[in-house]
Amino acid sequence: MNITIAIDCMGGDHGPAVTVPAALAFLNAHPDAEAILVGREEELAPLVEGAQAGLKSRLRIHNATQVVGMDEPPASVRAKKDSSMRVALHLVKNGQAQAAVSAGNTGALVMISRFALKTFPGIDRPAICFALPTIKGHTYALDLGGNVDCTPEHLFEFGIMGAMLASALDHNERPTVGLLNVGAEEIKGNELTKRASELLRASSLNYYGYVEGDDIFKGTTDVVVCDGFAGNVALKTSEGLVKMLGTFLRDEIKRGPLSMLMGLVAMPVLRRFKNRANPGRYNGAVLLGLRGGVVLKSHGSADAYAFEQALGRAADAVANNLIQRIRDKMEAMMDMNGENA
């Protein structure tokens, strides 16, 4: 299956210096894939000149003269009709690509995706969903930054979408869904979580109930639902924790000759630990709820390795026919909830 990915090469903290090398590495690892590099041609062309002929034949540059800044209010991008982000998404809308990947402004990406690719019936907002590593494997968490202000109905929609993603990708017909809260007891939480919990419990979802922050990495549930504010804080906190532990470990190994010798002996284990805990390995969050194509949000500070991982996740989502599978699951879910109403 030939997969074409439109890449917003200008987005993120590093722009083409990261996105273009990542695109070339991705194409090298995926012989059947093609890429459309979207951005300022005068900046992108020199970066692909030295690429192998086989890679260059599977990519093309689509010129886009404008860039969405990382700190721009989402509403301001409406005037930037030739931004690399908007052009990449419209390439998906027009069928020239099956997926788009961007490390750019999260709010702008969610807003443009919503209007360009539309959402499924019954879904008001797309949500950023990320597969987080756990003791048991992984859990899908959403929303992780796309919607900082949510209603109970939005959290309910996130629960449906997260469950459908877990069902489609993990072949788990009854994934458990937990609602992030400040405690597991029913009396705890604000009115938002209490009302959302009522909606989830009344649905046909396999609703577990409230989960706390430590439950995310315990793998207590297959899906964790939260608003984008809490979700983004949890995500960034976990990434910071991994970096802190890595720094502590390096400091202890360098403490003295004996520690350095022990560190040398343990190096294979330390490398495996680093690879397993590396946040870049899990880079790439799906914007769930879009019906017009696959959109992935990369971390804004991603390096070339991490951005390549996001491109790989986009290719996997297309190859697994994610949009159609979620559409089918959601339609069945809506029918079931209608019958049970």
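Scroll up a little and you will see the structure.
Nothing here was measured: the structure is a model prediction, and the numbers come from that model.

S.K.: What is the right way to look at a nonpolar patch on the surface in this model?
M.R.: A contiguous nonpolar surface patch, about 570 Å² in accessible area, is contributed by L258, L261, M262, L264 and V265. Topologically, L258 is positioned in helix α10 (residues 257–265). Judged by its relative accessible area of 59%, L258 is exposed.

S.K.: Looking at this structure, I do not really get the nonpolar core. What am I missing?
M.R.: Most often, soluble globular proteins keep nonpolar side chains buried together rather than apart. Ranked by internal contacts, the top residues of the largest apolar core, which has 63 residues, are I5, I7, L37 and L142. Of all the elements, helix α6 (residues 152–170) adds the most residues to this core, at nine residues. Among residues more than four places away in sequence, those in contact with L142 are A127, I128, C129, F158, M161, G162, V223, V224, V225, C226 and L288. In terms of nonpolar packing, the next biggest core, distinct from the first, is built from 37 residues, V77, A97, I112 and L235 among them.

S.K.: What is the right way to look at empty space enclosed by the protein in this model?
M.R.: Which parts of space are left empty comes out when a probe the size of a water molecule is rolled across the atoms. Evaluated as defined, the whole model comprises three cavities of 30 Å³ or more. There is about 60 Å³ of room inside the largest cavity. Every residue lining the largest cavity is listed: F120, V286, L287, L288, G289, L290, G293, V294, V295, L322, I323 and I326. Per-class residue counts for the lining of the largest cavity are ten nonpolar, two polar and no charged.

S.K.: Is there a simple way to explain the environment of L169 in this structure?
M.R.: With respect to the helices and strands, the residue L169 is situated in helix α6. The sequence separation of L169 and L322 amounts to 153 residues, and the corresponding C-alpha distance is 7.7 Å. In this structure, L169 is in contact with Y140, N320 and L322, ignoring residues within four places of it in sequence.

S.K.: Quick question: what am I supposed to make of the side chain of T19 here?
M.R.: Within the element layout of this structure, T19 appears in helix α1 (residues 16–29). Apart from the residues lying within four places of it in its own chain, the contact partners of T19 are D8, C9, G11 and F307.

S.K.: What is the right way to look at the pattern of salt bridges in this model?
M.R.: Close approach of charged atoms lets side chains of opposite charge pair. According to the stated counting rule, one finds nine salt bridges in the structure shown. For R114, the salt bridge is made with D124, and the minimal N-O distance between the two is 3.3 Å. Of this pair, R114 sits in helix α5 (residues 106–117) while D124 is found in the loop between α5 and β5 (127–133), placing the two residues ten residues apart along the sequence. Owing to a relative accessible area of 31%, R114 belongs among the partly exposed residues under this scheme. The shortest N-O distance in the salt bridge between D124 and R125 comes to 3.8 Å.

S.K.: Quick question: what am I supposed to make of the environment of A45 here?
M.R.: Mapping A45 onto the fold places it in helix α2 (residues 41–48). Along the primary structure A45 and L287 are separated by 242 residues, whereas in three dimensions their C-alpha atoms are 29 Å apart.

S.K.: Sorry, what's going on with the layout of surface pockets here?
M.R.: The computed volume of the second largest pocket comes to approximately 640 Å³. If you trace the second largest pocket, you find 31 residues lining it, with K236, E239, H299, G300 and S301 closest to the centre. Where the lining of the second largest pocket is concerned, the elements lending two or more residues are α5, β5, α9 (228–253) and α12 (304–319). It is α9 that provides the largest number of residues to the lining of the second largest pocket, a total of five residues. For the lining of the second largest pocket, a count of residues per class yields eleven nonpolar, 13 polar and seven charged.

S.K.: Hey, could you run me through the sheet that holds strand β10 (residues 285–288) in this one?
M.R.: Strand pairing in a sheet relies on backbone hydrogen bonds. The paired strands run either parallel or antiparallel. The sheet built from eleven strands is open, its strands ordered β3-β2-β1-β4-β11-β10-β5-β6-β9-β7-β8 with mixed pairing. The two strands at the open ends of the sheet, each matched to only one other strand, are β3 (59–63) and β8 (206–211). Averaged over all pairs of adjacent strands, the angle between strand axes in this sheet comes to 25 degrees, irrespective of strand direction. Two elements, β5 and strand β6 (residues 138–142), share five bridges in a ladder whose sense is antiparallel.

Calculation rules
- Residues numbered from 1 in each chain as written.
- Predicted model: local features only at pLDDT ≥ 70, side-chain atom pairs only at ≥ 80, totals over all residues.
- Heavy atoms only, no water.
- Patch = residues over 30% accessible without salt bridge, like charges linked within 9 Å, V, L, I, M, F, W, Y side chains within 5 Å.
- Areas by Shrake-Rupley, 256 points an atom, 1.4 Å probe, with all protein chains shown as cover.
- Salt bridge = Lys/Arg side-chain N within 4 Å of Asp/Glu carboxyl O.
- Helix = DSSP H or I, 4+ residues; strand = E, 2+ residues; numbered from the N terminus.
- Buried < 20%, exposed > 50% of the residue type's maximum accessible area, 1.4 Å probe, protein only.
- Core = buried A, V, L, I, M, F, W, Y, C linked by side-chain atoms within 4.5 Å.
- Contact = heavy atoms within 4.5 Å.
- 1 Å grid on protein atoms, 1.4 Å probe; cavity = no way out; pocket = protein on both sides within 12 Å on 5 of 7 lines; lining within 4 Å.
- Points joined across faces, edges and corners; volume = space filled by probe spheres on them.
- Nonpolar A, V, L, I, M, F, W, Y, C, P; charged D, E, K, R; others polar.
- Pairing = 2+ DSSP bridges.
- Axes fitted to C-alpha atoms, helices over the stretch in contact; angles between N-to-C directions.

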